[in-house]
Amino acid sequence: MRELENNRGEVLIISNYFTPEIGAAPRRIAAMANSFHKNGYSTRVVCPLPNYPSGSLFKGYRFKWRVKEEINGISVDRLFIYPSISKNGFIRAISMLSFSLSLFLYLPFIRVSNVKFVLIQSPPLFVSFTAVFLSKWILRKKVYLNVSDLWPLSAVELGVLKPGHMMNLLTAMESYIYKESYRIIGQSNEIIDHISRKVTRPFFVYRNLPENSIGDFEKMQNSQKKKLVYAGLLGYAQGVLNICENIDFNSLDFEFHIYGMGMEESAIASYCRENPSSNVIFHGPFQPNELSSILNNAYAAIVPLANRIQGAVPSKIFELIDHETPIVFSGGGEGASIIDEYGLGLTLPPGNMVELNAALRRISELSSEEYSKILSNIRKVKQEAFNFQMQFVSLLNFIERP
């Protein structure tokens, strides 16, 4: 990491997600903000009042329109949002529009004389469209767009959006934010390839790597049944409930331990209560700093996607690399290519319970030499290919390059 310099100017980050929320986007934006600050930038984040992924405002933020905070030297402006995780698309749209309206009422009046550039997270598209428009035409600043998912394409692949007026509107908004951005950052090569077919811009692939690597990770030996872990969001896109209902973990000699929260949380908890002999154990929500203790005696971890989503490379892959845990990835695409290329575990297509059962049986029956080889591969790639500090230095070079 570069030595701290003073007066490098201010970076303004606009995101629909930020700490203390959990998930890939809040962690990534928080890590970016921390690293800009450590590298001499005055860093300011504009985000909603925290509500993700529960869909309700966190304790201490309810009944407020705006909260101004300072977190580790970073200035944070939290604005009003009507939070929701409703399945109703109209209500979800109202939620996103509420934060967009807050941006319209707030951004034009902030002091930006020292702002060198604006970094904007997308999706959600309503929010990123508003932020790009205001930053480019009202604040008159260069926009660096960070794209973590390809909306509306991902919505179509997930089956939540069909051709029609809404899709046409979102497609137009997507094209606009690409065209009005000075440079574009994406979380996968697939995202960059997709955008490069629409606009010609400088691009940078920025992986969801852990900000603070835990260093060497010592696993505890466990003589009981092998522990298979899922730790993350419990949404429909992950399909963890489907795994619980369709995989016989007793026959695989696995205990399946689930940690997290989300839209499937209550259904998974009910399944475990009603099937106490299933070898599926639900632990509920967890904090990021608890992940090491969760994985310290895990034989392997599963990273599932219910459907193939173009551009999606789950951040859990990189968390598991950092915690030196073999991966069973059900998702295809670039995530599967990474695991196969570096020999980090097993891969299979998304949503196929027959193939998942076979993959779990294969990894359970690995010889000690085969299992040790996977661990060796993970340790090597952790040090060389997926190093957060090296990646951020490259990002700074990309951003500051004339």
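Before any of the text, the structure's been laid out above.
Below: a short report on this structure. (Residues numbered from 1 in each chain as written. Predicted model: local features only at pLDDT ≥ 70, side-chain atom pairs only at ≥ 80, totals over all residues. Heavy atoms only, no water.)

Spatially, the eight strands line up as an open sheet ordered β3-β4-β2-β1-β5-β6-β7-β8, and their pairing is mixed. Only two strands of the sheet have a single neighbouring strand rather than two, namely β3 (66-71) and β8 (203-205). Going from strand to strand, the sheet's axes swing by 20 degrees on average, the running direction of each strand aside. The sheet contact formed by strand β2 (residues 42-48) and strand β4 (residues 74-79) spans five bridges and is parallel. In the strand pairing of β4, R44 is matched with S75. The strands touched by helix α3 (residues 125-137) within the sheet are β1 (10-14), β5 (115-122) and β6 (143-147), with β5 carrying the most contacts at an inclination of about 165 degrees. Lying on the sheet, helix α15 (residues 388-400) is in contact with β5, β6, β7 (183-186) and β8; it crosses β8 at an angle near 175 degrees. (Pairing = 2+ DSSP bridges. Helix = DSSP H or I, 4+ residues; strand = E, 2+ residues; numbered from the N terminus. Axes fitted to C-alpha atoms, helices over the stretch in contact; angles between N-to-C directions. Contact = heavy atoms within 4.5 Å.)

Turning next to the nonpolar core. By size, the foremost hydrophobic cluster in this structure holds 53 residues, and its most contacted members are F36, I321 and L395. Look past the residues within four positions of F36 in its chain and what remains in contact with it is V11, I13, Y41, T43, F117, L119, F392, L396 and I399. Counting 41 residues, the second-largest nonpolar core is a separate cluster that includes L12, V127, V143 and V199. (Core = buried A, V, L, I, M, F, W, Y, C linked by side-chain atoms within 4.5 Å. Buried < 20%, exposed > 50% of the residue type's maximum accessible area, 1.4 Å probe, protein only.)

Attention shifts here to the packing of aromatic side chains. Describing an aromatic ring pair means giving the distance of the ring centres and the angle of the ring planes. Per the counting criterion, the structure on display carries 18 aromatic pairs. Measuring from ring centre to ring centre gives 6.4 Å for F104 and F133, while their planes differ by 45 degrees; the resulting arrangement is tilted. With F104 in helix α2 (residues 89-106) and F133 in helix α3, this residue pair connects regions lying 29 residues apart in the sequence. Residue class for F104 comes out partly exposed when judged on its relative accessible area of 40%. Taking the relative accessible area as the measure of exposure, F133 reaches 30% and is therefore partly exposed. An aromatic cluster of three or more residues is present, and its members are F36, Y41, F117, Y144, Y182, F388 and F392. Taking NZ or CZ as reference, R183 lies 5.7 Å from the ring centre of F398, over its face. (Phe/Tyr/Trp six-rings, centres within 6.5 Å; stacked < 30°, edge-to-face > 60°. Lys NZ or Arg CZ within 6 Å of the ring centre and 35° of its normal.)

Okay, the packing of α3 against helix α5 (residues 165-179) next. Interaxial distance between α3 and α5 falls to 10 Å at its minimum, and their mutual angle equals 40 degrees. Helix-helix and strand crossings are classified by hand; for α3 and α5 the assignment is left-handed. Contacts from L125, F126, S128, F129, V132, F133 and W137 in α3 reach M166, L169, L170, M173, E174, Y176 and I177 in α5. Across the contact of α3 with α5, the residue classes tally to 12 nonpolar, one polar and one charged. (Left-handed = near helix turned anticlockwise from the far one by under 90°. Nonpolar A, V, L, I, M, F, W, Y, C, P; charged D, E, K, R; others polar.)

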